[in-house]
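Descriptive structure summary
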Amino acid sequence: MGIERIGIVGAGIVGLALARWVTVNRPGARVTVLEKEDRVAAHQTGHNSGVVHAGLYYRPGSLKATLCRRGVGLLREYCAERELPYEEVGKILVARSADDSARLDAIERRAEANGVPGVRRLGPEGLRELEPRVQGTGGLHSPHTAVTDFIAVAESLADDVRRAGGRVLLDSPVIALGQDADGAEVLTGDPRGERVKRWFDTVVLCGGLYSDRLARMAGADTDPRIVPFRGQYHELVPERRHLVRGLIYPVPDPRYPFLGVHLTRHVHGEVMAGPNAILATAREGYRVRDVLRRDLAETLAWPGLWRLARAHWTVGAREMVVSASRAAFAREARRLVPEITAEDLCSAPAGVRAQALTRDGTLLDDFAIDTRGRVVCVRNAPSPAATSALAIGEYLGEKVLSTR
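These remarks concern the structure in this document. Predicted model only: the values in this text are computed from it and were never measured. Sequence order as written defines residue numbering, which begins from 1 separately in each chain. Under the rules for a predicted model, residues below a pLDDT of 70 receive no local features and side-chain atom pairs below 80 are neither given nor counted, while totals for whole chains, interfaces and linings still include all residues. No hydrogens and no water enter the side-chain calculation; it runs on all heavy atoms of the structure.

**Description of the pattern of salt bridges**
For salt bridges, the criterion is a side-chain nitrogen of Lys or Arg within 4 Å of an Asp or Glu carboxyl oxygen. One pass over the full model with this rule turns up 32 salt bridges. R283 serves as the salt-bridge partner of D212, at 2.6 Å between the closest nitrogen and oxygen. Of this pair, D212 sits in helix 6 (residues 211-217) while R283 sits in the loop between strand 18 (278-279) and helix 7 (293-300); the two residues are 71 residues apart in sequence, bridging distant segments of the chain. In terms of burial, D212 and R283 fall into one category: buried. E235 is paired through a salt bridge with R241; the nearest N and O atoms lie 3.2 Å apart. On the basis of relative accessibility, which here comes to 22%, the residue R241 falls in the partly exposed class. Beyond isolated ion pairs, a larger network of salt bridges with shared partners links D212, R213, R216, R225, R283, D295 and E298. Each helix is a run of DSSP H or I of at least 4 residues and each strand a run of E of at least 2, with the numbering of both proceeding from the N terminus. Classification of residues uses two cut-offs on accessible area relative to the type maximum, computed with a 1.4 Å probe and protein chains only: under 20% is buried, over 50% is exposed, and between them is partly exposed.

The following block contains the structure:
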C-alpha cells in the first residue's frame, strides 16, 4: 500500500483539529490543509466571543451535546500542555420573568443530562454575590464555563501539524473538486494566478462560511444552504470593565440558535457586549458596507430564508434596530446590567455565523456531516464548534476516516 493522502479544506479550528488528529493517530498518512486566506483562523474561529461552552443548552444525545462535553476536556488539557490562556471565569444565565424561570428549568435538566458539572440555581442574592451589578429574579450558574483565545489555539494546532510533517497551505482557494472510486482531485489557485491539481485518497471539507458551495462541488445536495448572519459586538470602555466579572447571559429563546446580547470578559481583559444577529449581505460581511452581489443573491433566492422571515419577522426587525443603534444595543445590555449606558460602549469587530438553513425554513441546530464518496462534508458547525473542535476532529477521524 502507498502513503495515504488526506486533504482538509479550511484552516479554521475544526479543520486544524482534524489535521492534528491525523498526524497523531495515523502517522503513516500525509495530511494537507488547504486555506484560501493568508492566515489560519481568519473567519469564524477568529471572530467569536472566546467562550468555552460547558454544554448547558444542547439536546442530550445530539452531536453538539456529546462533542461539546468531550471537547471541553480535550481543550482544557491542550491549553494546559501548550501554556495557552484558559480561564474558568464562570457563566450565569439571568432570569427576568416567570417565562425565563421556566426556561431555566429546562436548561438545568439538559445540563444535568449532559453531565455539566457544578451547575446550580441562584436567587437574586446569589446573582449579586457572583455579579454585583446584575439585576434579575434568579439565575443559573455554570462555574466551569471558561474563556480562551481561539486564534492562539488554532495557530498552535497548525504548528503541531507542520512539526509532524503535515502541510498547511495558505493562499490556496479551492476552485474545483472531482472524484472517482479511488480518490478526489482538488484544483486550487495561488496568489500568482497559477492553478495546482492535488490528488487525495480522502478529502474533508471544513469550509465554514462556504461549506455548502464546497459540498455542491462534491455532488452533495443543495439543501441545506449556508445563510450568513452578522453578529455585531461592542466593547465596554476600560473604565467600565469592572461592571462585569465573568460571563453574563440572558435566558435564550429555544426557538433560535442565537443566544442574544450577552456580556463576556475575555482572557486579555476586554469586556464585550454582543452579538446580536442580522442577515449579512456577504459571507464575509463583517461591516455594514460589505455587500457581495453573488452572496446576497444566493441568500435571497433561497426559499428557506423567506419561510424563516415570515415566521419570525418581528425578531428580525428588532435585531436590525439593535444593530443600527448604539443606544438600542445598550438597552439590550441593560437588561442584564442596568448601569450600562450607550456612552460605556464603543464599536468592536463583528463576526459572521455560518448558519445552515433548510429549504423549508428550519434553522439546522445540530452539527451536520455528510459523506459523498471520497469526500466528507462538514455541512453545519456553528457554536459550540470552537469548544468542540478537538472532539470533532476525533469524531471525524474515528467514525469517518478510520472506516476507509
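**Some words on a nonpolar patch on the surface**
A cluster of nonpolar side chains, namely L279, L300 and W306, defines an oily patch on the protein surface of about 260 Å² accessible area. Along the polypeptide, L300 turns up in helix 7. Nonpolar side chains (Val, Leu, Ile, Met, Phe, Trp, Tyr) within 5 Å and like charges within 9 Å form the patches, drawn only from residues with over 30% relative accessible area and no salt bridge. We get accessible surface area from the Shrake-Rupley algorithm with a probe of 1.4 Å; when it comes to residues, only the shown protein chains can shield them.

**Focus: the sheet that holds strand 4 (residues 86-87)**
When DSSP locates at least two bridges between a pair of strands, those strands are taken to pair. Taken in spatial order, the three strands line up as 3-8-4 in an open sheet, and their pairing is antiparallel. This sheet does not close on itself; its edge strands, each paired only once, are strand 3 (51-52) and strand 4. Looking at chain direction, strand 4 and strand 8 (residues 146-148) are connected through two bridges and run antiparallel. In the sheet register, E87 faces strand 8, and the bridge partner there is V147.

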